Amino acid sequence: MTQEARDLDELAQRARFELDCVNYPAREWVRPREADGRPVHDVVIVGGGQNGLSLAFRLLRDRVTNIRVLDRSPSGFSGPWVTYARMHTLRTPKTVSGPELGIAALSVRAWYETKYGREAWAALGKIPRGDWNDYLEWLRRTAGIDTTHDAEVVGIQPRDDGYLAIETRIAGTVETILARNVVLATGIEGSGRWAVPAMIEKALPRERYAHTSEAIDFEALRGKRVAVLGAGASAFDNAATALEHGAASVDLFARRRALPRINPNRWIEFAGFMRHFGDLDDARRWSFMRHFLGMNQPPPQDTFERCARFDEFDLHLGSPFESVDFDGRSVRLKTPRGVFECDFLIVGTGFVIDLANRPETASFADKIALWSDRFEPEPGEADATLAGYPYLTGSFQFTEKVPGSAPWLKNIYSHTFGAMASLGGAAGISQLKFSTDRIALGITRQLFLDDADEYLPSLKAYDVAELDTSAFDAARAVRQTKVA
């Protein structure tokens, strides 16, 4: 074992000691259930990235232990950090907290200082994404979060007995898992799909374009002409990665006439907003989110500079695609500023909210209430995109489009970007500890209330004696005998 491994092992032991110090009450309290001779999980978490990991940890600390975490990625590859995330560092400040649930020895700072030294942490600007991935995996092991990998959820169905049947493929084997509650912690695109404009899908062979969320062989782009559509952080990340892999040229196209310079995410990073946005009335939430989601975020300064330092990079603002075609050799892009040719196109056009397009929610998407079902904005405040977000409870639960038609929706929680309109916090790191608290409290409340009728009989039958008066009684009897 290396010195680094020994140091991290000592930190893990320290963290477990701290957890043990605050492990009160330690009593398991949720009654086990069975159906059809099979165990029913109290909670199944779909997604083992930072959100799913943190929620599982939170539930375990509340002594909800009959849980299962399913992640479609291989072990070590949960979340985007070592797959399609192509920035060098996280976007958030290095002081961000959340997954450690307030246990200092489990914090990313403690992990980083143990691995690299205090001076390295002091000199650090932002956390490298690879280190963040390694930290989360260390936290998973240290906290004892058992995760089933290579587990794809292909559908969720309500049962007549009130439980949920989660249809899965685990390492290629079909399995149905029963649960009382399901949490969808499926990331940024977890309430919809990554978006590729129809003009691109119809015009280009599949091998000539890729979305920023997909695996891209950047080494194959060495010496090639690359175009990137979009002006967000991911578009610039991918442009920079192509340049760093030796692309002959990279042209980035955006419909905007100027790059935004203000990041609204920095504004919302205070406890009042992140904890209590979901407590505002609908009109305030609508107005705020309509403005917030309409504020385009700039690429981070370091990401922009990754591109700008290359002479092979060019930025084309005010240049939406008017048409896209392929002549058998080159991709041709027509914009208001001219026609451009490239060998490969990277699409950084984000995602759309579309619950019918997700395997987890497709079969009952028509039963889920959207904002358009619950709120009618004032004249001039309409927003079709915002209206398509799911209307969630304060605990991130889906609600019914038609009251009484699907009561089981209260047992399905959406910890995805689709929660943004209702709760102001979704799949990001900054809001993680606040959203995790809300979901955990919603789940434990429901688990407790489900068994409410059993508590009084249980109390009446409780017969564990704490007081032992036998020695006193014996001594008293001896005294009385002497007196007699």
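Residues numbered from 1 in each chain as written. Predicted model: local features only at pLDDT ≥ 70, side-chain atom pairs only at ≥ 80, totals over all residues. Heavy atoms only, no water.

### A look at the sheet that holds strand 11 (residues 249-253)
Within a sheet, each strand pairs with its neighbour through backbone hydrogen bonds, oriented either parallel or antiparallel. Strand order across the open sheet formed by five strands is 9-16-10-11-12, with parallel pairing between neighbours. Both edges of this open sheet fall to strand 9 (209-211) and strand 12 (313-316), since each of them pairs with a single strand only. Taking the axes of each pair of neighbouring strands and ignoring which way they run, one obtains an average angle of 20 degrees across the sheet. (Pairing = 2+ DSSP bridges. Helix = DSSP H or I, 4+ residues; strand = E, 2+ residues; numbered from the N terminus. Axes fitted to C-alpha atoms, helices over the stretch in contact; angles between N-to-C directions.)

### Here's the deal with the nonpolar core
Ranked by internal contacts, the top residues of the largest apolar core, which has 73 residues, are I45, L59, W132, W138, I156 and I412. If near-sequence neighbours (up to four positions away) are discounted, W138 is found in contact with L8, L11, A12, A105, L106 and W111. Formed by 23 residues, the second largest nonpolar core is a distinct cluster that contains I216, V228, V250 and L259. (Core = buried A, V, L, I, M, F, W, Y, C linked by side-chain atoms within 4.5 Å. Buried < 20%, exposed > 50% of the residue type's maximum accessible area, 1.4 Å probe, protein only. Contact = heavy atoms within 4.5 Å.)

### Considering the pattern of salt bridges
Across all of its chains, the model carries 35 salt bridges by this definition. Salt-bridge contacts for R72 lead to E189; the nearest nitrogen and oxygen are separated by 3.4 Å. With R72 in the loop between strand 3 (67-70) and helix 3 (108-116) and E189 in the loop between strand 7 (173-187) and strand 8 (192-194), this residue pair connects regions lying 117 residues apart in the sequence. In this structure, a network of salt bridges that share partners links the residues R225, D325, R329, R332, E341 and D343. (Salt bridge = Lys/Arg side-chain N within 4 Å of Asp/Glu carboxyl O.)

### Regarding the packing of helix 2 (residues 50-61) against helix 15 (residues 432-450)
Between helix 2 and helix 15, the shortest axis-to-axis distance is 9 Å and the interhelical angle comes to 50 degrees. Looking at the two axes, helix 2 sits oblique to helix 15. The handedness of the crossing between helix 2 and helix 15 is right-handed. In contact with Q50, N51, S54, L55, R58 and L59 of helix 2, helix 15 contributes L432, T436, D437, I439, A440, L441 and I443. Its residues placed into classes, the contact of helix 2 with helix 15 shows seven nonpolar, four polar and two charged. (Parallel < 35°, antiparallel > 145°, perpendicular 65-115°, else oblique. Left-handed = near helix turned anticlockwise from the far one by under 90°. Nonpolar A, V, L, I, M, F, W, Y, C, P; charged D, E, K, R; others polar.)

### Structural notes on the sheet that holds strand 14 (residues 331-335)
Taken in spatial order, the three strands line up as 13-14-15 in an open sheet, and their pairing is antiparallel. Both edges of this open sheet fall to strand 13 (323-326) and strand 15 (338-342), since each of them pairs with a single strand only. Pairwise comparison of adjacent strand axes, ignoring direction, gives a mean angle of 20 degrees for this sheet.

### Quick look at the pairing of strand 10 (residues 225-229)
Burial within strand 10 is extensive, with four of its five residues counted as buried. One ladder, built from five bridges, connects strand 10 with strand 11; its direction is parallel. Note on strand 11: the bridge partner recorded for L229 is F253. Of the crossover connections in this fold, the one passing from strand 10 over helix 7 (residues 233-244) to the parallel strand 11 is right-handed. As paired strands, strand 10 and strand 16 (residues 344-347) are joined by four bridges and run parallel to one another. Pairing of V226 across the sheet is with F344, part of strand 16. (Right-handed = clockwise from strand over helix to strand, strands pointing away.)

### A few points about unusual backbone geometry
Look at the link from Y24 to P25: it is a cis peptide, with omega at -10 degrees. As for its position among the elements, P25 is in the loop between helix 1 (3-21) and strand 1 (33-35). With a phi close to 55 degrees, L101 is a non-glycine residue in the positive phi region. Here L101 lies in the loop between strand 3 and helix 3. Owing to a relative accessible area of 17%, L101 belongs among the buried residues under this scheme. A positive phi angle, close to 50 degrees, is found at A171, a residue other than glycine. Looking at the secondary structure, you find A171 in the loop between strand 6 (164-170) and strand 7. A residue is classified by how much of its surface remains accessible, and A171, at 63% relative accessible area, is exposed.

### Here we look at a nonpolar patch on the surface
Together, L456, L459, Y462 and V464 make up an exposed nonpolar region whose accessible area comes to about 450 Å². Topologically, Y462 is positioned in the loop between helix 16 (452-461) and helix 17 (470-483). (Patch = residues over 30% accessible without salt bridge, like charges linked within 9 Å, V, L, I, M, F, W, Y side chains within 5 Å. Areas by Shrake-Rupley, 256 points an atom, 1.4 Å probe, with all protein chains shown as cover.)

### Looking at the packing of helix 1 against helix 5 (residues 129-143)
One can describe the packing of helix 1 onto helix 5 by two numbers: an axis separation of 10 Å at closest approach and a directional angle of 50 degrees. Relative to helix 5, the element helix 1 is oriented oblique. The interaxial crossing formed by helix 1 with helix 5 has right-handed handedness. Taken together, the residues of helix 5 that come into contact with helix 1 (itself represented by L8, L11, A12, A15 and R16) are W138, R141 and T142. Of the residues in the contact of helix 1 with helix 5, the class split is five nonpolar, one polar and two charged.

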